[in-house]
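Single-letter residue listing:
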Amino acid sequence: MTEYIGNRFAQAAGCLSPPMFSALSGHFTRFEHVAQEIRLRAGRPAAIVCRGKTVFLTQSGGLTDLPNGDLLIARREDIEATFQRICDYSVYARKREIVNGFVTLRGGHRAGICGTAVADSSDIVNVRDITSINLRIAREQIGCANGIFQKIRYDSGGVLLCGAPCSGKTTVLRDLARLFSTADGACVSLIDERGELAAVTSGVPQNNVGMCDVFDGYPKAQAMEQALRSMSPNIIICDEIGSEQDVRAVRQCVNSGVSIIATAHARSKAELCSRPVLKRILSTGAFSTYIFLRDREHAGEVSEVLKEGVKIAA
């Protein structure tokens, strides 16, 4: 994939098929700071999703708000070429990610993948005939977590950062890792299972995560256990907890006196507690503060902060 230093939209677009990339190339500056996703659907118009708005590419290289007219259609060949470039022309090597529904790209961008599932009993073992690709643009916003950091930096308990998809959880979490490992000098182990936080390439984080020890590509629960054994962290930071394996790993961290800062998909405390696995994770006592972010139109903005279940700020 071609590198585009300084423009993350262009960097993510580098994995598109040549015709799609060419059509977008004249709009890199326009979308640099506002685009959230590039969506390709076989036989449908190519779309760029911005905050609260979706625009479509025209055949002539222009843009329109209306999904009709002389639009640039994502052909099957575009989907296949983009898929191959996403996988660095080694689909087999990315099979585990593909089965999980997305592939993490250099720079921390994520390519969501939709197609026909190949199942073995109840498990998906492969995905073929890709029909849709959603390129989510990763944005590194240094300082975006300053306000949250000031609220939680002196707390001894763990913090759970909650919100809907695209509400800015990963971006805020990345900046918290930077702040805790530099401003506070904490020994932080950063669990980056999907490569979205540090975006490690050839052993070097591409994103600014401060002085963290990065566990890149490790299964989350195993990485947490290894961090406890090998890195003596004060804080463990990880994205999207919610599996059965996470329950045991979180409990082990609590028993070791290590604070956890993590994220979860939930819009409210009630929604958190309605999910059996998350409810068991909460019962470990790992989290004393719950921070809820707003929606994709207000990514990174805090809607409320709960301390031991009581609202203390908005």
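These numbers were taken from a predicted model, which means no experiment stands behind them.

S.K.: How do you make sense of the environment of I124 when you look at a structure like this?
M.R.: Here I124 is to be found in strand β7 (residues 123-136). We classify I124 as partly exposed; its relative accessible area is 42%. Note: C-alpha distance between I124 and R136 (12 residues apart in sequence) is 23 Å. Among all residues touching I124, those that are not within four sequence positions of it are V99, A117, V118 and A119.

S.K.: In this structure, what is going on with the pairing of strand β8 (residues 158-163)? I would like to understand it.
M.R.: Within a regular strand, the side chains alternate between the two sheet faces. With 6 of its 6 residues buried, β8 lies for the most part within the structure. Taking every second residue as pointing to the same face, both faces of β8 are buried, with G158, L160 and C162 on one and V159, L161 and G163 on the other. Taken together, the 5 bridges between β8 and strand β15 (residues 287-293) define a ladder with parallel strand orientation. Bridge pairing in β15 places C162 opposite F292. Bridging between β8 and strand β14 (residues 259-265) involves 5 bridges; their strand directions are parallel. Paired with C162 across the bridge in β14 is A264.

S.K.: What is the right way to read the packing of helix α8 (residues 220-230) against helix α9 (residues 244-255) from this model?
M.R.: The description of two packed helices rests on the angle between their axes and on the distance between the axes. As a packed pair, α8 and α9 sit with axes 8 Å apart at the nearest point and diverge in direction by 20 degrees. When the axis of α8 is compared with that of α9, the two are roughly parallel. For the pair α8 and α9, the crossing hand works out as left-handed. Touching K220, A221, M224, E225 and L228 of α8 are Q245, D246, R248, A249, V250, Q252 and C253, all from α9. Tallied by class, the residues present in the contact of α8 with α9 amount to 6 nonpolar, 2 polar and 4 charged.

S.K.: Is there a simple way to explain the packing of aromatic side chains in this structure?
M.R.: Aromatic ring pairs: the centre-centre distance and the angle between the two ring planes describe each pair. Taken as a whole and judged by the stated rule, the model has 5 aromatic pairs. Positioned above the aromatic ring of F102, the side-chain terminus of R110 is 4.3 Å from the ring centre. It is K269 that lies over the ring of Y290; its NZ or CZ is 4.4 Å from the centre.

S.K.: What is the right way to look at helix α7 (residues 169-182) in this model?
M.R.: One full turn of an α-helix is made of 3.6 residues, so residues set three or four places apart face in the same direction. Taking 1.5 Å per residue as the helical rise, α7 with its 14 residues ought to reach 20 Å, and the 20 Å between its terminal C-alpha atoms agrees with that figure. The element α7 is largely enclosed, with a buried count of 13 among its 14 residues.

S.K.: In this structure, what is going on with the confidence of the model for the chain? I would like to understand it.
M.R.: Regions with low pLDDT should not have their predicted coordinates read in detail. Averaged over the chain, the pLDDT score is 89; the fraction of residues at 70 or greater is 96%. Of the regions scoring below 50 in pLDDT, residues 1-5 engages in 13 contacts with residues more than four places distant in sequence or in other chains.

S.K.: What should I look at first to understand the environment of V214 in this one?
M.R.: Within the fold, V214 resides in strand β12 (residues 213-216). Residue V214 is classed as partly exposed on the basis of its relative accessible area, which comes to 25%. Counting along the chain gives 83 residues from V214 to E297, while the straight-line C-alpha distance between them is 30 Å. When sequence neighbours within four positions are dropped, the list of residues in contact with V214 reads L190, D192, A198, V200, P205 and V209.

S.K.: How should I be thinking about the sheet that holds strand β6 (residues 110-120) in this particular structure?
M.R.: In sheet architecture, strand pairing relies on hydrogen bonds along the backbone and comes in two forms, parallel and antiparallel. Strand order in the open sheet made by the 7 strands is β4-β3-β2-β1-β7-β6-β5, with antiparallel pairing throughout. The sheet terminates laterally at β4 (63-64) and β5 (102-104), the two strands that pair on one side only. Packed onto the sheet, helix α4 (residues 76-86) meets β1 (35-41), β5, β6 and β7 and runs at close to 105 degrees relative to β7.

S.K.: Quick question: what am I supposed to make of the pattern of salt bridges here?
M.R.: It is possible for side chains of opposite charge to pair when their charged atoms get near one another. According to the stated counting rule, one finds 22 salt bridges in the structure shown. The closest approach of N and O atoms between R8 and E140, which form a salt bridge, is 3.2 Å. Of this pair, R8 sits in helix α1 (residues 8-13) while E140 is found in the loop between β7 and α6 (146-152), placing the two residues 132 residues apart along the sequence. For R8, a relative accessible area of 18% gives the class buried. Look at E140 and you get partly exposed, because its relative accessible area is 26%. A single salt-bridge network, built from bridges that share partners, covers R110, R194, E196, D239 and E240.

What counts and how
- Residues numbered from 1 in each chain as written.
- Predicted model: local features only at pLDDT ≥ 70, side-chain atom pairs only at ≥ 80, totals over all residues.
- Heavy atoms only, no water.
- Helix = DSSP H or I, 4+ residues; strand = E, 2+ residues; numbered from the N terminus.
- Buried < 20%, exposed > 50% of the residue type's maximum accessible area, 1.4 Å probe, protein only.
- Contact = heavy atoms within 4.5 Å.
- Pairing = 2+ DSSP bridges.
- Axes fitted to C-alpha atoms, helices over the stretch in contact; angles between N-to-C directions.
- Parallel < 35°, antiparallel > 145°, perpendicular 65-115°, else oblique.
- Left-handed = near helix turned anticlockwise from the far one by under 90°.
- Nonpolar A, V, L, I, M, F, W, Y, C, P; charged D, E, K, R; others polar.
- Phe/Tyr/Trp six-rings, centres within 6.5 Å; stacked < 30°, edge-to-face > 60°.
- Lys NZ or Arg CZ within 6 Å of the ring centre and 35° of its normal.
- Expected span 1.5 Å × (residues − 1).
- pLDDT = per-residue confidence, 0-100.
- Salt bridge = Lys/Arg side-chain N within 4 Å of Asp/Glu carboxyl O.

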